[in-house]
Amino acid sequence: MKILHTADWHLGKIVHGLHMTEDQSEVLQQLIDIIQAEKPDVIVIAGDLYDRAVPPREAVELLNSFFTTVSVDMEIPIIAISGNHDSPDRLGFGASLFRSKQLYLATTIEDIFKPIHFSDGTNDVYFHLVPYLEPEQVRHYFQEESIQTHQEAMERIVRQIEEEMTEQARHILVGHAFIAGGMESESEERLTMIGGTPYIDASIFKSFDYIALGHLHQPQKIKSDFIRYSGSIMKYSFSEANHKKTVTILEIDERKKTINTIPLKAPKDLRIAEGYFEELLEGKVVEATTDYLQIRLLDDGQIIDPVTKLRKLFPNILRLERKHHLVHHSLKEIQSIKEKQKMTHEQLFASFYKEIKGTELSEERAKYVEDVIQKVMVEERGK
């Protein structure tokens, strides 16, 4: 059985104020071309189909067009789960009707325990679909107060799946999560850390033949060739400038498993250019291009209206900055930023409270804040 694994489309994405829908449309057409050439038996999309809970109309139309082309016209089954950017209710609307066209959308915890079964007459493959869930949702479903973290939630889900697994078949888990050891970029929105770290240890997936992951935007494997992030279909931040975007092809039968990747190329690249202003104008640093650029100027002196002048050669400058301003950030400021990036929502609020009020947040108020944050996160996931 041949399986195409992709994820993190983020349809409707806006990068530095620029709508990426046209570029995304071209990349999805490349993906359709790859599907026509490779003829996979199943398409897997591991979450974050949209960039936000309420996507713009153009993004909805783009996804609908892809689903129609692949599932209806080409008659290739599609398996997809909701990610942390998707609204489970919106993405899952009409899911029971779509199954008649072999479009399988998993957006709820109940969907996890209804595996999708495919057989080519010789090989049986079960897909176990695990959409993004907060630990609170898993705790409520199992009525187990001990479930507080993403690790504990996934352990409990996997344990439940394993109870129903058939040894003679192949088993693939599709998930959207942070797996410890994965390389992150600025694009990934930090998963909720209510109750602790969002990271999950890869060792809990030992019962599965392949783990098709979404969330991290750089294509990569985690400890095994068969625990894999396909990566996003495009570059969505300058921290991804050096990424090579791909889709993953898994071929699996009763004897062996093989992995291949196929490159995706956006119509405009997203790059970083660094140099002196005059050298940039003379084309010595980078040739004139319509690619999306972040330009770092090395000049110390004053430059009059550099953006207007540079845009004659580089019309798609998305960010312009002075390199020396970055260098002269104090170590204390940089350390503070790094510390805040690791904080939970509660810790961030407590830090803000102390900065404004000059006193520590009391335990009573901290508990109230935690309850409010939990309530807001659950409500946001339901939009």
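Residues numbered from 1 in each chain as written. Predicted model: local features only at pLDDT ≥ 70, side-chain atom pairs only at ≥ 80, totals over all residues. Heavy atoms only, no water.

Peer 1: Would you mind going over a nonpolar patch on the surface with me for this structure?
Peer 2: A cluster of nonpolar side chains, F349, F352 and I356, forms an exposed patch at the surface whose accessible area comes to about 310 Å². Along the polypeptide, F352 turns up in helix α12 (residues 345–357). (Patch = residues over 30% accessible without salt bridge, like charges linked within 9 Å, V, L, I, M, F, W, Y side chains within 5 Å. Areas by Shrake-Rupley, 256 points an atom, 1.4 Å probe, with all protein chains shown as cover. Salt bridge = Lys/Arg side-chain N within 4 Å of Asp/Glu carboxyl O. Helix = DSSP H or I, 4+ residues; strand = E, 2+ residues; numbered from the N terminus.)

Peer 1: Any chance you could explain the side chain of Q294 here in plain terms?
Peer 2: As for its placement among the helices and strands, Q294 is situated in strand β18 (residues 292–297). One polar contact links Q294 to R319, side chain to side chain, over a distance of 3.0 Å. Discounting chain neighbours no more than four positions away, the residues touching Q294 are F238, R271, I272, A273, R319 and E321. (Polar contact = N/O pair within 3.5 Å; in protein donor to acceptor, adjacent residues only side chain to side chain. Contact = heavy atoms within 4.5 Å.)

Peer 1: What's the story with the packing of helix α1 (residues 21–38) against helix α2 (residues 57–73) in this structure? I'm lost.
Peer 2: Between α1 and α2, whose axes approach to 11 Å, the crossing angle comes to 10°. In terms of orientation, α1 lies roughly parallel with respect to α2. Where α1 abuts α2, its residues T21, Q24, S25, L28, L31, I32 and I35 lie against E58, L62, F66, T69 and V70. Its residues assigned to classes, the contact of α1 with α2 shows 7 nonpolar, 4 polar and 1 charged. (Axes fitted to C-alpha atoms, helices over the stretch in contact; angles between N-to-C directions. Parallel < 35°, antiparallel > 145°, perpendicular 65-115°, else oblique. Nonpolar A, V, L, I, M, F, W, Y, C, P; charged D, E, K, R; others polar.)

Peer 1: For this particular structure, what's the right way to read the sheet that holds β18?
Peer 2: The strands making up a sheet associate through hydrogen bonds between their backbones, and the pairing can be parallel or antiparallel. An order of β17-β18-β19 is seen for the 3 strands of this open sheet, with the pairing classed as parallel. A strand with exactly one partner marks an edge of an open sheet, and here the two such strands are β17 (270–275) and β19 (317–322). For this sheet the average axis-to-axis angle between neighbouring strands, irrespective of direction, equals 15°. Of the pairings in the sheet, the one linking β17 to β18 comprises 6 bridges and is parallel in character. Bridge pairing in β18 places A273 opposite I295. (Pairing = 2+ DSSP bridges.)

Peer 1: I tried to follow the packing of aromatic side chains on my own but got confused; where do I start?
Peer 2: Aromatic ring pairs are defined here through the distance separating the ring centres and the angle between the ring planes. Applying the stated rule across the entire model yields 8 aromatic pairs. An angle of 80° between the planes, with centres 4.8 Å apart, marks the rings of W9 and F66 as edge-to-face. Of the two residues, W9 sits in the loop between β1 (2–6) and β2 (14–15) while F66 sits in helix α2, which places them 57 residues apart along the sequence. The burial state of W9 is the same as that of F66; both residues are buried. (Phe/Tyr/Trp six-rings, centres within 6.5 Å; stacked < 30°, edge-to-face > 60°. Buried < 20%, exposed > 50% of the residue type's maximum accessible area, 1.4 Å probe, protein only.)

Peer 1: Explain the environment of D86 here, please?
Peer 2: Mapped onto the elements of the fold, D86 is located in the loop between β5 (78–81) and α3 (88–92). Judged by its relative accessible area of 2%, D86 is buried. C-alpha separation for the pair D86 and H5, spaced 81 residues apart in sequence, amounts to 18 Å. In this structure the side chain of D86 is engaged in a polar contact, spanning 2.8 Å, whose partner is the backbone nitrogen of D48. Looking at D86, its side chain comes within polar contact range of the main-chain nitrogen of L49, at 3.2 Å.

Peer 1: How do you make sense of the pairing of strand β6 (residues 103–106) when you look at a structure like this?
Peer 2: Successive side chains on a regular strand alternate, one facing one side of the sheet and the next facing the other. Residues of β6 alternate between two faces, with L103 and L105 on one and Y104 and A106 on the opposite face, all of them buried. Examined bridge by bridge, β5 and β6 share 4 bridges and lie parallel to one another. If you follow I81 over to β6, its bridge partner there is A106.

Peer 1: Even after reading the chapter, I still don't get the sheet that holds β6, so can you show me in this structure?
Peer 2: Read across the sheet, 6 strands follow the order β6-β5-β4-β1-β15-β16 without closing on themselves; strand pairing throughout is mixed. Unpaired on one side and paired on the other, β6 and β16 (257–263) mark the two borders of the sheet. Looking at each pair of strands side by side, their axes are set apart by 20° on average, direction ignored. Sheet topology places β1 next to strand β4 (residues 42–45); 4 bridges connect them, and they run parallel. Bridging across to β4, H5 finds its partner in V44. In the packing of α1 onto the sheet, contacts are made with β1, β4, β15 (246–252) and β16, and the angle to β1 comes to roughly 170°. Where α2 meets the sheet, it contacts β4, β5 and β6, and its direction lies at approximately 145° from that of β5.

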